[in-house]
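# Topology and contacts: notes
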Amino acid sequence: MDIKSISCVYFSPTGTTKTIIENIAQGLQAERVEMMDCTIRSLREKDSLVFNNDLVILATPVYYGRVPEEVVPFLKTLRVQNTPVVLTVVYGNREYEDALIELHDISVEQGFIPVAAGAFIAEHSYSNPSRPIAHARPDVDDIEKAQAFGSKIREKFKTIDSLEDIEKISVPGNIPYIEPENLNMIKQVRNTLSFTPETDKDKCIQCNLCAEVCPTQAINPEDISQINKWQCIICFACVKNCPTEAKQMNDPHFNAAIEQLQKACLERKEPEMYL
Ligand SMILES: Cc1cc2nc3c(=O)[nH]c(=O)nc-3n(C[C@H](O)[C@H](O)[C@H](O)COP(=O)(O)O)c2cc1C
């Protein structure tokens, strides 16, 4: 079978998931690649996407060892017939735990046919120069591996005549999936603390980019210093996209937790691929 066109459906607040799948798509060498960015809430709330026959790359970052909870309802609106899928999760060098199996199971429920899956590593959303976690990843090595993964999927397709010939893949993970304990704790802490990035008004140039890139529309576009703490998912899209570094997380509890996280993420992990 030839792969003529690919649709890449992805959630990527700080852009690393997008980079990985662009490189997988490059390795696949299809004639047409459509990027379907579902990071912004309004894009996830449009009419449901319908897939029929094209190869889809479905990709999300790992949040708390799982598929980000904001993305799950959107994934369950995808309407699918006879469509092979490449499942991709991207994580910040801690662990991906049950994110890949969760993405796999959702895709099968929607009617996709999983043909390959991969867990890739990228700079952690909470990494910064003084607190690096998988800093500057994906690096040259990661990019080469993502492209080679794409080539291998292409080769796999060459060995089959029809979608019925695709052998089932198996991906690691637990059933039931792990409880996202840190997420549950953050939700509780929010009764007393805001736990959201703050705006340095001296640095802010009022470009409103932070409000535009926020995946949950938690930032008030009329006054970007106002962040709805119940909507903010602490994805750091606003922090990492701010051109003047005006958005910063100053909460001491948060920063102490990330320092601990950094220590737990020092050993370099490598991408894992399932074909
Ligand atoms: C709320 C949140 C939870 C995260 N949980 C994990 C995790 O469980 N394991 C891990 O290794 N990285 C975790 N990360 C890091 C992201 O998975 C990683 O930085 C990813 O590359 C972000 O993708 P993006 O650049 O497409 O937004 C988390 C990041 C955020 C914002």
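A quick note: this is a predicted structure, and the numbers were derived from the prediction, not measured.

## Some remarks on the domain arrangement of the protein
Parsing the protein into structural domains produces domain 1 (5-177) and domain 2 (181-264). For domain 1 versus domain 2, the separation of C-alpha centres amounts to 25 Å. Across the boundary between the two partners, domain 1 contributes 21 residues, which contact 24 residues of domain 2. Between domain 1 and domain 2 the total buried area reaches about 2,000 Å² when both faces are included, carbon and sulfur atoms providing 59% of it. In terms of surface lost to domain 2, no three residues of domain 1 exceed Tyr64, Tyr126 and Arg131, which account for 34% of the buried area on that side. Between Glu123 and Lys240 there is a salt bridge; the shortest N-O distance is 3.1 Å. At the junction of domain 1 with domain 2, the criterion picks out twelve residue pairs in polar contact (both at pLDDT 80 or more). Classifying every residue of the side of domain 1 that touches domain 2 gives eight nonpolar, six polar and seven charged.

## Let's talk about the side chain of Gln262
Along the chain, Gln262 falls in helix α9 (residues 252-264). For Gln262, a relative accessible area of 19% gives the class buried. One polar contact links the side chain of Gln262 to the main-chain carbonyl oxygen of Pro132, over a distance of 3.1 Å. When near neighbours in sequence (up to four residues on either side) are disregarded, Gln262 contacts Arg131, Pro132 and Ile133.

## As for the site of the ligand
Residues in contact with the ligand amount to 25 residues; listed here are only the nearest, Ser12, Thr14, Thr16, Thr17 and Val62. Backbone polar atom of Glu123 to an oxygen atom of the ligand: 3.0 Å apart, as the coordinates give it. Coverage of the ligand by the protein amounts to 98% of the 640 Å² it exposes when considered alone. If you list the elements that add at least two residues to the shell around the ligand, you get α1 (16-28) and β6 (83-91).

## Some thoughts on the state of the cysteines
Chemically, a disulfide is nothing more than a covalent bond linking the sulfur atoms of two cysteines. Taken as a whole, this structure holds zero disulfides when the rule is applied. The cysteine Cys214 is free of any disulfide, with Cys235 supplying the nearest cysteine sulfur at 6.2 Å. Overall, the relative accessible area of 8% leaves Cys214 in the buried class. With no disulfide of its own, Cys232 lies closest to Cys238 among cysteine sulfurs, the gap being 6.4 Å.

## Points about the sheet that holds β6
What links the strands of a sheet is backbone hydrogen bonding, and the strands pair in either a parallel or an antiparallel sense. Read across the sheet, six strands follow the order β2-β1-β4-β6-β7-β10 without closing on themselves; strand pairing throughout is mixed. Of all the strands in the sheet, just β2 (32-37) and β10 (272-274) have a single pairing partner and so form its edges. Between one strand and the next, the sheet's axes are offset by a mean angle of 15°, whatever the strand orientation. In the packing of α1 onto the sheet, contacts are made with β1 (5-10), β2, β4 (55-61), β6 and β7 (112-121), and the angle to β4 comes to roughly 155°. Sheet strands in contact with helix α5 (residues 140-158) are β4, β6, β7 and β10, and its direction is about 165° off that of β7.

Definitions and cut-offs
- Residues numbered from 1 in each chain as written.
- Predicted model: local features only at pLDDT ≥ 70, side-chain atom pairs only at ≥ 80, totals over all residues.
- Heavy atoms only, no water.
- Domains from an automatic or database assignment.
- Contact = heavy atoms within 4.5 Å.
- Buried area = accessible area lost by both parts, 1.4 Å probe.
- Salt bridge = Lys/Arg side-chain N within 4 Å of Asp/Glu carboxyl O.
- Polar contact = N/O pair within 3.5 Å; in protein donor to acceptor, adjacent residues only side chain to side chain.
- Nonpolar A, V, L, I, M, F, W, Y, C, P; charged D, E, K, R; others polar.
- Helix = DSSP H or I, 4+ residues; strand = E, 2+ residues; numbered from the N terminus.
- Buried < 20%, exposed > 50% of the residue type's maximum accessible area, 1.4 Å probe, protein only.
- Near = heavy atom within 4 Å.
- Areas by Shrake-Rupley, 256 points an atom, 1.4 Å probe, with all protein chains shown as cover.
- Disulfide = S-S within 2.5 Å.
- Pairing = 2+ DSSP bridges.
- Axes fitted to C-alpha atoms, helices over the stretch in contact; angles between N-to-C directions.

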